[in-house]
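# Working through the structure, step by step
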Amino acid sequence: MIPDIETKSAAEIKSFQEAKLKIALNYLSEHSPFYKRHFDEHQITVSEIKTLEDLTKISVTTKDDLQQFNDDFICVPKSKIIDYVTTSGTLGDPVTFALTDADLERLAYNEAISFACAGVTSSDVLQLMTTIDRRFMAGLAYFLGVRKLGASIIRVGAGVPELQWDSIIKFKPTYLIVVPSFLLKLIEYAQQHDIDLNASGIKGAICIGESFRNDDFSLNTLGEKITERWQIDLYSTYASTEMSTAFTECKAQQGGHLHPELIIAELLDDHNQPVKEGEIGELTITTLGIEAMPLLRFKTGDMMKAHTQPCSCGRTTLRLGPIAGRKKQMIKYKGTTLYPPAMENILNNFNTLECFVIEISHNAIGTDEILIRIASANPTDQLLGQIKDHFRAKLRVTPMIEWTDKNVIDTLRFPKLSRKPILVIDKRK
């Protein structure tokens with residue numbers, strides 16, 4: 001199930017997207033209160049935007065815009081809205097998104113071709129380990145996508161290893177849709193209850209929310225910990241509520257593939273200009289084919305690399321590498337630029353750590369400080385020293401690290417109304 005456009009030449013894909021862009025711009029100029037005002041204020045004439053390169057003539061849209069003018073992004077009357085979802089608010093106040101019936105159909109199509117990209121077929125059974133309620137888009141998208149693909153789904157929801165294994169044993173799913181660190185809890189439960197992991201029938205896991213790959217696509221510490229005990233394939237999928245689109249790995253596992261009919265992707269520098277090939281930039285997206293709340297040059301806040309060489313799977317589309325970090329969570333610490341995922345990867349090396357949370361703040365002179373709170377059933381000075389040595393070796397700097405009660409960390413990691421664990425708490429203004 002590979003859409004024809006995903007195997008065309010780069011020139012054909014570019015021409016295809018430029019035709020789609022023209023339609024999107026005309027739609028925004030006619031229906032979007034925010035973008036009508038945006039075009040007027042910045043003196044943008046949409047008829048002059050003819051190529052993907054011309055996008056640089058349009059000022060970017062930010063998360064602040066969405067938070068401040070949320071309702072002005074809606075392009076349809078209220079009577080056409082079928083579903084309301086809310087962003088997780090990882091880096092700010094949550095934002096509400098509306099979807100029409102056509103948007104839900106687009107969402108289903110997106111996930112169906114994304115699952116197919118990872119090798120899922122209509123004969124597979126998928127177990128959903130994320131919430132489908134609480135105005136969460138991802139769970140709904142996965143359900144719709146599996147249904148569109150013609151596969152079967154088991155909606156277990158998040159957490160509870162015992163219930164997950166009960167469903168795995170009873171219904172025999174072939175793929176899991178899961179936050180990768182939760183796989184470690186499933187592995188631990190299986191080992192404690194004499195469940196043969198590799199006789200479970202699970203072929204692979206579609207992993208969301210956390211990175212398990214290094215920059216070169218090799219497995220990082222989290223990925224290695226999972227696969228050394230459970231012989232399954234891990235597929236990364238990157239998406240967000242704002243995009244209503246997923247970038248999912250294929251069997252080659254060399255980055256998430258772009259769907260040209262659904263989204264235009266740019267990687268921009270601090271001046272909102274495209275970065276050079278091979279450089280890290282901020283993913284900036286323009287959605288295609290969305291009715292209720294389309295976005296134009298929206299800066300996601302996620303920093304990553306793009307890969308443009310054809311893939312062994314036959315697709316010629318752009319692929320996105322693992323997220324290096326979030327733009328707003330970049331840290332300047334003792335002359336070194338850091339992103340939290342690099343610290344998380346180091347901490348995941350230590351099996352004796354039960355949990356951790358990273359706190360970022362400003363000190364008295366306004367520079368960045370890092371405090372990492374860690375918990376272990378057996379906290380020792382020796383273990384703390386080993387962790388600090390590992391930081392020194394891998395990142396060349398050692399942040400402040402202190403033992404903290406596990407219950408305190410759990411309270412910080414799971415605030416009320418949060419739909420996913422919080423590993424980074426940024427206290428900087």
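Preceding this section is the structure that the text describes.
Residues numbered from 1 in each chain as written. Predicted model: local features only at pLDDT ≥ 70, side-chain atom pairs only at ≥ 80, totals over all residues. Heavy atoms only, no water.

### Some words on the overall build of the protein chain
- For the protein chain, the helix and strand inventory stands at 11 helices and 21 strands.
- Here the C-alpha radius of gyration of the protein chain, 22 Å, is about what a compact globule of 429 residues would show, namely 22 Å.
- When the backbone C-alpha atoms are referred to their principal axes, the protein chain occupies close to 65 × 60 × 40 Å.
- A sequence separation of at least 24 residues applies to 65% of the contacts in the protein chain between residues at least 6 apart.
- Accessible surface, the protein chain as shown: approximately 19,800 Å² in total, 50% of it carbon and sulfur.
- In the protein chain, which carries 49 positive and 55 negative side-chain charges, the distance between the mean positions of the two groups comes to 1 Å. (Helix = DSSP H or I, 4+ residues; strand = E, 2+ residues; numbered from the N terminus. Rg over C-alpha atoms; globule rule 2.2 N^0.38 Å. Contact = heavy atoms within 4.5 Å. Areas by Shrake-Rupley, 256 points an atom, 1.4 Å probe, with all protein chains shown as cover. Lys, Arg positive; Asp, Glu negative; His and termini not counted. Charge placed at Lys NZ, Arg CZ, Asp CG, Glu CD.)

### Here we look at the pattern of salt bridges
- Using the criterion set out here, one finds 22 salt bridges in the structure.
- For Glu282, the salt bridge goes to Lys299, with nearest N and O atoms at 3.3 Å. You can see Glu282 sitting in strand S11 (residues 281–287) and its partner Lys299 sitting in strand S12 (residues 298–304), a full 17 residues away along the chain. A single burial state applies to Glu282 and to Lys299, both of which are buried.
- One continuous salt-bridge network, built from bridges that share partners, spans Glu359, Arg373, Glu402 and Lys427. (Salt bridge = Lys/Arg side-chain N within 4 Å of Asp/Glu carboxyl O. Buried < 20%, exposed > 50% of the residue type's maximum accessible area, 1.4 Å probe, protein only.)

### Some thoughts on the pairing of strand S5 (residues 175–178)
- Taking every second residue as pointing to the same face, both faces of S5 are buried, with Tyr175 and Ile177 on one and Leu176 and Val178 on the other.
- Here three bridges tie strand S3 (residues 125–128) to S5, and the two strands are oriented parallel to one another. Bridging across to S5, Leu126 finds its partner in Tyr175.
- The pairing of S5 with strand S6 (residues 204–207) spans four bridges and is parallel. The partner of Val178 across the bridge, within S6, is Cys207. (Pairing = 2+ DSSP bridges.)

### Remarks on the environment of Gly255
- Here Gly255 shows up in the loop between strand S8 (245–249) and strand S9 (256–257).
- Classification of Gly255 by relative accessible area gives buried; the value is 2%.
- Setting aside chain neighbours within four positions, we find Gly255 in contact with Phe217, Thr248, Glu249, Cys250, Arg319 and Leu320.

### Some words on the packing of helix H1 (residues 10–31) against helix H2 (residues 33–41)
- Remark: H1 packs on H2, axes separated minimally by 6 Å, with the N-to-C direction vectors making an angle of 100°. As judged from the angle between their axes, H1 and H2 are roughly perpendicular. Contacts between H1 and H2 pair Leu25, Leu28, Ser29, Glu30 and His31 from the former with Pro33, Tyr35, Lys36 and Phe39 from the latter.
- Residues belonging to the contact of H1 with H2 are distributed by class as follows: five nonpolar, two polar and two charged. (Axes fitted to C-alpha atoms, helices over the stretch in contact; angles between N-to-C directions. Parallel < 35°, antiparallel > 145°, perpendicular 65-115°, else oblique. Nonpolar A, V, L, I, M, F, W, Y, C, P; charged D, E, K, R; others polar.)

### Focus: the sheet that holds S11
- One open sheet accounts for four strands, arranged S10-S11-S12-S15; its pairing is antiparallel. Edge positions in the sheet fall to strand S10 (263–268) and strand S15 (325–326), since each has one partner strand and no second.
- Here six bridges tie S10 to S11, and the two strands are oriented antiparallel to one another. Looking across to S11, one finds that Glu266 is bridged to Thr284.

### Things to note about the packing of helix H4 (residues 101–117) against helix H5 (residues 137–149)
- Closest axis-to-axis distance for the H4/H5 pair is 7 Å, and the angle between their directions is 70°. Taken together, the axis directions place H4 and H5 in an arrangement best described as roughly perpendicular. Here Leu104, Glu105, Leu107, Ala108, Tyr109, Glu111, Ala112, Phe115 and Ala116 of H4 lie close against H5, whose contacting residues are Met137, Leu140, Ala141, Tyr142, Leu144, Gly145, Val146, Lys148 and Leu149.
- Here the residues of the contact of H4 with H5 are counted per class, giving 14 nonpolar, one polar and three charged.

### Some details on the sheet that holds strand S18 (residues 353–362)
- One open sheet accounts for four strands, arranged S20-S19-S18-S21; its pairing is mixed. The sheet is open, and its two edges are formed by strand S20 (400–403) and strand S21 (424–426), each paired on a single side. Taking the axes of each pair of neighbouring strands and ignoring which way they run, one obtains an average angle of 20° across the sheet.
- Where strand S19 (residues 368–376) lies against S20, four bridges are found, and the strand directions are parallel. Counterpart to Leu371 in the pairing with S20 is Met400.
- Contacts between helix H11 (residues 406–413) and the sheet are confined to S18, S19 and S21, with S18 contributing the most and set at about 60° to the helix.

### Thoughts on helix H10 (residues 381–395)
- Over its 15 residues, H10 extends 21 Å from the first C-alpha to the last, a length consistent with the 21 Å expected when each residue adds 1.5 Å.
- The set of residues buried in H10 consists of Leu383, Leu384, Ile387, Phe391 and Leu395. Seen end-on, H10 carries its buried residues on one side only, within an arc spanning 105°. Opposite the buried face of H10, by more than 90 degrees, sit the exposed residues Asp381, Gln382 and Ala393.
- Taken together, the buried residues of H10 touch strand S17 (336–338), helix H9 (340–347), S18, S19 and S20.
- Directly beyond the C-terminal end of H10, a positive phi value near 70° is found at Arg396. (Expected span 1.5 Å × (residues − 1). Arc of directions from axis to C-beta.)

### Quick notes on the side chain of Thr100
- Considering the arrangement of structural elements, one finds Thr100 in strand S2 (residues 96–100).
- Leave out the neighbours within four places in its chain, and Thr100 touches Val76, Lys80, Ile82, Glu291 and Ala292.

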